[in-house]
Amino acid sequence: CYLATLVIAFLSTVQGGFIDSLVGDTAQNEPNREGARAWLLGKIENGRHLGMLVGYASAYLISSRLGFQTAFVIDACSFLFSAWLLSTVGFEGRAVSGSQPVKASYSILLRPEIRLLTASQLLVGFGLYLYNALHVVVMKRDLASGDGGLSLLYICQYVGYFFGSRVPSGWVERTGKPLSDRSTVIFRLSVVLIYIAFAMSVTPAMFIAVNTVFSFVIGASFPGGVALFQRAVQPSELRAAGAARLAVTSLSGALGATVASLLLSRLPASHIFLAGAGIYLVAGVMLAS
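Nothing here was measured: the structure is a model prediction, and the numbers come from that model.

1. Examining the environment of Leu238
You can see Leu238 is positioned in helix H9 (residues 238-263). Sequence separation of Leu238 and Ser105 is 133 residues, and the distance between their C-alpha atoms is 9.4 Å. Excluding residues within four positions of it along the chain, Leu238 makes contact with Gly17, Asp20, Ser21, Gly24, Asp25, Gln230 and Val233.

Laid out in structure tokens, this is it:
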């Protein structure tokens, strides 16, 4: 299981860089470049979260009726089907040229004009994975939730993601423009209040409700955050920058999850959530600047 998880994480990072470059290349050819970028990113996230919502809703039924082995086989087949669908997409107009070598992806994120944005992203990854490391323990140990409550948390989570990811694309459809950069800052700062609410949760229902709002905010803010990175690099660097953004977010997230796990034996989870609120506050201020 650990090995499979490592391979999936590796491939997901490669895929993320490819999707970033595909969106960036497509948007470059549209008259309304920024609107097209926001719409495409929103639609991709919307489809992804709809799939996750269906997956989480059906996971218990499939695994309990057909067994976990069958569930994994179905999962593997879904990747094959996804790969076939992606192979049917026409990648027109992509410039393939050896005259402009792409610089090392991590060095792109350390350029002076993008360094602060990268630092903010690192803090977001750290803070987000504090939650990822805590939520099951909090639900099961601190709030005495059953398995049904945990399943409901994941279902509501992806309902929040689904409707949140509709906001950026819906805004473009209504106004012809993407959400402003200021909205990305507001979304990021709103997580400070959300983490405080996590720390104050006393029932599973309250924790699930706060998590649903959190998921909505992540879904609504994701396209804006990606667009900031895409606008800061050259078209030939989109794939490298996208993969690097995902990688550094995951690395800082792994550190955040490790720290949360170590602190959990020494501090109440509420204190760790309050620390996460402080981290998001710094990340939001960095992004605003």
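2. Quick word on the nonpolar core
With 33 residues, the main nonpolar core has Tyr131, Tyr195, Phe198, Phe207, Phe214 and Phe273 as its most contacted residues. Filtering out sequence-adjacent residues up to four positions away, Tyr131 remains in contact with Leu153, Gln157, Tyr195, Phe198, Phe207, Asn211, Phe214 and Phe273. In this structure, Ile108, Leu117, Leu228 and Ala241 belong to the second largest nonpolar core, which totals 14 residues.

3. Overview of the environment of Gln15
Mapped onto the elements, Gln15 comes out in helix H1 (residues 2-28). Residues Gln15 and Arg239, spaced 224 residues apart in sequence, show a C-alpha to C-alpha distance of 9.4 Å.

4. Structural notes on the confidence of the model for the protein chain
Predicted confidence across the protein chain gives a mean pLDDT of 86, with 95% of residues reaching 70 or more. The model gives residues 95-99 a pLDDT under 50, and that stretch makes zero contacts with residues more than four places away or in other chains.

5. Observations regarding a nonpolar patch on the surface
Together, Leu3, Leu6, Val7, Phe10, Leu11 and Val14 give the surface a local cluster of nonpolar side chains, amounting to about 630 Å² of exposed area. Mapping Leu3 onto the fold places it in helix H1.

6. Comments concerning the pattern of salt bridges
Across all of its chains, the model carries eight salt bridges by this definition. As a salt-bridge pair, Glu173 and Lys43 come within 3.7 Å of each other at their nearest N and O atoms. Note that Glu173 is positioned in helix H6 (residues 147-175) and Lys43 in helix H2 (residues 33-66), a separation of 130 residues in sequence. The partly exposed category is assigned to Glu173, whose relative accessible area is 46%. Take Lys43: its relative accessible area is 31%, and that puts it in the partly exposed class.

7. With respect to helix H10 (residues 269-288)
The end-to-end C-alpha distance of H10, which contains 20 residues, comes to 29 Å, matching closely the 28 Å that a straight helix rising 1.5 Å per residue would cover. On its buried face, H10 sits against helix H5 (115-142), helix H7 (181-200), helix H8 (204-231) and H9.

8. Looking at the packing of H2 against H6
At a minimum axis separation of 8 Å, H2 and H6 run at an interaxial angle of 160°. Here H6 runs roughly antiparallel to H2, going by the angle between their axes. Crossing geometry of H2 relative to H6 is assigned as left-handed. Partitioning the contact of H2 with H6 into residue classes produces 15 nonpolar, six polar and four charged.

9. Focus on the packing of aromatic side chains
With the rule as written, the count across this model stands at 15 aromatic pairs. Where Tyr131 meets Phe207, the ring centres are 6.3 Å apart and the plane angle is 15°; that geometry is what we call stacked. One end of the pair, Tyr131, is in helix H5; the other, Phe207, is in helix H8, and 76 residues separate them in sequence. Like Tyr131, the residue Phe207 is buried in the burial classification. When the ring of Phe198 is compared with that of Phe207, the centres are 4.9 Å apart and the planes differ by 45°; the resulting orientation is tilted. With respect to class, Phe198 is no different from Phe207; both count as buried.

Rules behind the numbers
As a convention, each chain's residues are numbered from 1 in the sequence order in which they are written. For a predicted model such as this one, the threshold for reporting local features is a pLDDT of at least 70, and the threshold for listing and counting side-chain atom pairs is 80 or more; totals across whole chains, interfaces and linings nevertheless cover every residue. Side-chain calculation: all heavy atoms of the structure are included, whereas hydrogens and water are not. Numbering of helices and strands starts at the N terminus; helices are DSSP runs of H or I of at least 4 residues and strands are runs of E of at least 2. Should any heavy atoms of two residues lie within 4.5 Å, those residues are considered in contact. Put simply, a nonpolar core is a bunch of buried Ala, Val, Leu, Ile, Met, Phe, Trp, Tyr and Cys residues held in one set by side-chain atoms that sit within 4.5 Å of each other. We call a residue buried when its accessible area falls under 20% of the maximum for its residue type, exposed when it is over 50%, and partly exposed in between, using a 1.4 Å probe and counting protein chains only. Within a predicted model, pLDDT stands for the predictor's per-residue confidence, ranging from 0 to 100. In this analysis, a patch consists of residues with relative accessible area above 30% that form no salt bridge, clustered at 9 Å for like charges and at 5 Å for the nonpolar side chains Val, Leu, Ile, Met, Phe, Trp and Tyr. For every accessible area listed, the method is Shrake-Rupley and the probe measures 1.4 Å; residues are considered covered only by the protein chains on display. A pair is scored as a salt bridge if a Lys or Arg side-chain nitrogen falls within 4 Å of a carboxyl oxygen belonging to Asp or Glu. For a helix, the expected span equals 1.5 Å multiplied by the number of residues minus one. Axes here mean lines fitted to C-alpha atoms, for a helix over just the part in contact, with angles spanning 0 to 180 degrees between N-to-C directions. Any angle between 65 and 115 degrees counts as roughly perpendicular, while under 35 counts as roughly parallel, over 145 as roughly antiparallel, and the rest as oblique. By definition, turning the near helix anticlockwise from the far helix through less than a right angle yields a left-handed crossing, and turning it clockwise yields a right-handed one. Residues are grouped as follows: nonpolar covers Ala, Val, Leu, Ile, Met, Phe, Trp, Tyr, Cys and Pro; charged covers Asp, Glu, Lys and Arg; every other residue, Gly included, is treated as polar. Each Phe, Tyr or Trp ring, with Trp reduced to its six-membered ring, pairs with another whose centre is within 6.5 Å; inter-plane angles below 30 degrees give stacked pairs, above 60 give edge-to-face pairs, and intermediate values give tilted ones.

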